[in-house]
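# Residue-level structure breakdown
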Amino acid sequence: MTTQHVQMTINGQPYAADIEPRLLLVHFIREVANLTGTHIGCDTTSCGACTVLVNGVPAKSCTLFAVQMDGAAISTVEGLEQNGALHPVQEGFFEEHGLQCGFCTPGMMMTAVAFLAQNPNPTDDEIRRAISGNLCRCTGYVNIVKSIQYAAKKQREAQTAPAAPAEPAEAIR
Amino acid sequence: MIPEDFTYFAPGSLPEVWDLLRQHPDDAKILAGGQSLIPLMKFRLATPAYLIDLRKVPGLDTLAERDGALVIGAMVREAATEHSQLIQRRYPGIHEASAVVADPLVRNFATIGGNIAHADPANDHPAMLLALRASVVAHGPNGQRTIPLDDFLVDTMETSLAPDEVLTEIHVPQPAPRSGSTYLKLERKVGDYAIAAVGVQITLDGDVCTQAGIGLTNVGPKAVRATQAEMFLTGKQPTEDVIREAARLAAAAAQPVSDLHGPEDYKRAMIRTLTARALREATQRARAGGVSA
Ligand SMILES: Cc1cc2nc3c(=O)[nH]c(=O)nc-3n(C[C@H](O)[C@H](O)[C@H](O)COP(=O)(O)OP(=O)(O)OC[C@H]3O[C@@H](n4cnc5c(N)ncnc54)[C@H](O)[C@@H]3O)c2cc1C
Ligand code: FES
Ligand code: FES
């Protein structure tokens, strides 16, 4: 067994480790960085519970090797809250009852954060398409769509207000 | 699920990739987006001892028209072709195929190159690219060669790439004026492979079809070109009767197998219906002036 050195940032914090190349990104996040907000659901690239942002782009971390992420900037649900204030997407899920058991929620929110950076004024249908790689077995999605609309509105209002705008995610190439 | 142990390389140039492929001819695999290969490795259906990641190899992300062809670099992601204005305007069939591959998250990493090199008959791009008469560029230590997609796809998960060759580009001939393309897929839900799908391109001169391309997904050991149907359409006006007969011929070219998604005759019927719909849509697009420059 050979190990390989990787370094990446997760929510702006640097992490470095000697790991087996077969270590999946989701296991790096949960077991090396000890950030257990990112979930493992299906482990077969279907459910999206493991969704994180890789350089701003949402991806299923159960289907990436941690060694591929050498030098990357990863964002997980733990990085959404800033200075004790919920991210607008988190606030939306809270206000609009966007979760029941909460298992899908971290992945759902990471997808929503990246989507709203690309499309700040979406239709319900566009939201449904954007979250079509994230499965929820509880809510029936109606309140998730409402939660994301809540966040979109809140972010648009913040944009027109004089406060500094949120940093947009890097465009998908 | 934990894959078998392997050694990982991320070389910075094609010559380094070739060297690694030559050193490990039997047990190395190229890694592009990983969205087909990593699931296979997790199930241990693939157990390569060496993974050669293309992410640091420069020059593989072209997405532009050049010398009469659309060039799609090997590392262009499905999300890029899904959202590209150029693709939406001039190659709607490719746009539509990209938009139904897996789900939006998988598409952020999955590549078109991997979709073809994987050579799974259930993959969506091969049939569409057959219809568009695409070819692939295979680049090895002794130079590059251009292979028509028909010859590149050999059998289920088998291509004509040599062990030390890398697929570097896909070339799609620029559509003639008054051309229209489309891709129609029958799937149970997002993220599923096609029960059946059809890619079509029609080129008109006046109202006569001068060239037809028809590719079929997941109804044979590899993507199927519906040659008889293409020949039948060529030189005729695509009237409703002609379209129906072409759809019948396409269904006859399909070699589906019965599985959980349905019996053979159902799948053949779906190919007939999808082909007729796709031919109507592509003809309408071609009549509407087709692609603009
Ligand atoms: C949940 C899920 C659903 C899916 N649904 C669909 C679907 O509906 N339709 C569909 O078409 N696909 C689907 N896929 C499969 C996958 O997303 C695509 O096939 C993807 O486009 C493969 O590209 P990749 O870059 O991820 O390939 P990889 O996994 O990196 O590689 C695939 C194969 O091609 C080889 N390869 C890749 N690039 C090159 C190259 N440049 N030169 C030589 N060899 C190369 C690799 O060695 C490997 O054998 C699905 C996958 C998942 C996980
Ligand atoms: S755990 Fe990654 S997609 Fe389900
Ligand atoms: S809230 Fe339970 S899976 Fe979505």
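Residues numbered from 1 in each chain as written. Chains lettered and ligands numbered in written order. Predicted model: local features only at pLDDT ≥ 70, side-chain atom pairs only at ≥ 80, totals over all residues. Heavy atoms only, no water.

## Let's talk about the interface of chain B and chain A
Between chain B and chain A, the contact holds 34 residues from the first and 34 residues from the second. Carbon and sulfur atoms supply 59% of the area buried between chain B and chain A, which totals about 2,600 Å² over both sides. Of all residues in chain B, B:Y8, B:L105 and B:F109 bury the most surface against chain A, accounting for 23% of the area lost on that side. Joining chain B to chain A, the criterion identifies two salt bridges. Across the pair A:D43 and B:K42 runs a salt bridge, and its minimum N-O distance is 2.6 Å. Linking chain B with chain A are ten residue pairs in polar contact (both at pLDDT 80 or more). Of all the secondary structure elements, the ones that give two or more residues to the side of chain B that touches chain A are β1 (7-9), α2 (37-42), β3 (50-53), α3 (78-83) and α6 (104-107) of chain B. When the residues that make up the side of chain B that touches chain A are grouped by side-chain class, the tally is 20 nonpolar, five polar and nine charged. (Contact = heavy atoms within 4.5 Å. Buried area = accessible area lost by both parts, 1.4 Å probe. Salt bridge = Lys/Arg side-chain N within 4 Å of Asp/Glu carboxyl O. Polar contact = N/O pair within 3.5 Å; in protein donor to acceptor, adjacent residues only side chain to side chain. Helix = DSSP H or I, 4+ residues; strand = E, 2+ residues; numbered from the N terminus. Nonpolar A, V, L, I, M, F, W, Y, C, P; charged D, E, K, R; others polar.)

## Digging into the site of ligand 1
Close to ligand 1 lie 32 residues; B:I30, B:Q35, B:L37, B:T111 and B:D124 are nearest. Neighbouring residues of ligand 1 are not confined to a single chain but are spread across chains A and B. At 2.7 Å, a backbone N or O of B:L37 approaches an oxygen atom of ligand 1. Within the contact set of ligand 1, a nitrogen atom lies 3.0 Å away from a side-chain nitrogen or oxygen of B:N123. Summarising the interface, the protein chains cover 95% of the accessible area of ligand 1, which totals 980 Å² for the free molecule. Counting residues per element, the ones that place at least two in the shell around ligand 1 are β2 (28-31), α7 (112-117) and β10 (166-173) of chain B. For the shell around ligand 1, the class distribution of residues is 16 nonpolar, eleven polar and five charged. (Near = heavy atom within 4 Å. Areas by Shrake-Rupley, 256 points an atom, 1.4 Å probe, with all protein chains shown as cover.)

## Focus: a nonpolar patch on the surface
Residues B:M1, B:F43 and B:L45 make up a contiguous nonpolar surface patch of roughly 320 Å² in combined accessible area. Its location among the elements puts B:L45 in the loop between α2 and β3. (Patch = residues over 30% accessible without salt bridge, like charges linked within 9 Å, V, L, I, M, F, W, Y side chains within 5 Å.)

## So, the pattern of salt bridges
A complete count under the given rule lists 28 salt bridges over all chains for this structure. Among the salt bridges present, the one from A:K154 reaches A:E91, with a minimum N-O distance of 3.0 Å. Of the two residues, A:K154 sits in helix α5 (residues 142-160) while A:E91 sits in helix α2 (residues 88-95), which places them 63 residues apart along the sequence. Among the ionic pairs, B:K267 bridges to B:D259, the shortest N-O distance being 3.0 Å. For B:K267, a relative accessible area of 3% puts it in the buried group. (Buried < 20%, exposed > 50% of the residue type's maximum accessible area, 1.4 Å probe, protein only.)

## What about the domain arrangement of chain A?
Residue and element names in this part refer to chain A. By domain assignment, chain A separates into domain 1 (4-79) and domain 2 (88-159). In this complex, domain 1 contributes 16 residues to the contact, which on the side of domain 2 involves 13 residues. Where domain 1 abuts domain 2, roughly 1,100 Å² becomes buried across the two surfaces, and 67% of that area is made up of carbon and sulfur atoms. By the criterion of area lost to domain 2, the three top residues of domain 1 are H39, T51 and V77, representing 39% of everything that side buries. Applying the counting rule to domain 1 against domain 2 returns zero salt bridges. Joining domain 1 to domain 2, the criterion identifies five residue pairs in polar contact (both at pLDDT 80 or more). At the level of elements, β3 (51-54) and β4 (57-60) are the ones that each hand at least two residues to the side of domain 1 that touches domain 2. Looking at side-chain class alone, the side of domain 1 that touches domain 2 contains six nonpolar, nine polar and one charged residues. (Domains from an automatic or database assignment.)

## Examining the sheet that holds β3(B)
Residue and element names in this part refer to chain B. Strands sit in the order β1-β3-β2 across an open sheet of three strands; the sheet is parallel. In this open sheet, the two strands that pair with only one neighbour each are β1 and β2. Adjacent strand axes in the sheet meet at a mean angle of 25°, parallel and antiparallel pairs treated alike. Bridging between β2 and β3 involves four bridges; their strand directions are parallel. For I30, the partnering residue across the bridge sits in β3 and is I52. Those strands touched by helix α1 (residues 14-23) are β1, β2 and β3, and its axis lies near 165° from that of β3. (Pairing = 2+ DSSP bridges. Axes fitted to C-alpha atoms, helices over the stretch in contact; angles between N-to-C directions.)

## Considerations on the nonpolar core
Ranked by internal contacts, the top residues of the largest apolar core, which has 34 residues, are A:M8, A:L25, A:F28, A:V54, A:M69 and A:I74. At the level of elements, β1 (4-10), β2 (13-19), α1 (25-32) and β3 of chain A together with α2 of chain B are the ones that each hand at least two residues to this core. It is α1(A) that provides the largest number of residues to this core, a total of four residues. Each residue touching A:M8, except ones within four places of it in the same chain, is listed here: A:Q13, A:P14, A:Y15, A:L25, A:F28, A:A66, A:M69, A:G71, A:A72 and A:I74. (Core = buried A, V, L, I, M, F, W, Y, C linked by side-chain atoms within 4.5 Å.)

## Remarks on the domain arrangement of chain B
All names here are of chain B. Its domain assignment divides chain B into domain 1 (7-53), domain 2 (63-173) and domain 3 (179-287). Taking the mean C-alpha position of each, domain 2 and domain 3 sit 19 Å from one another. Taken together, domain 2 and domain 3 are joined by four salt bridges. Across the domain 2-domain 3 interface, the total number found is 15 residue pairs in polar contact (both at pLDDT 80 or more). Contributions of two or more residues to the side of domain 2 that touches domain 3 are made by α5 (92-99), α8 (125-131) and β8 (153-155). Ranked by residues supplied to the side of domain 2 that touches domain 3, first place goes to α8 with five residues. Considering only residue class, the side of domain 2 that touches domain 3 consists of 15 nonpolar, three polar and six charged.

## Some words on the packing of helix α3 (residues 105-118) of chain A against α5(A)
Residues and elements named next belong to chain A. Contact pair α3 / α5: the axes reach a minimum separation of 11 Å and the direction vectors enclose 40°. Classified by the angle their axes make, α3 and α5 are oblique. When the axes of α3 and α5 are compared, the crossing they make is right-handed. Across the interface between the two elements, M108, A112 and L116 of α3 pack against I144, I148, A151, A152 and Q155 of α5. Considering only residue class, the contact of α3 with α5 consists of seven nonpolar, one polar and no charged. (Parallel < 35°, antiparallel > 145°, perpendicular 65-115°, else oblique. Left-handed = near helix turned anticlockwise from the far one by under 90°.)

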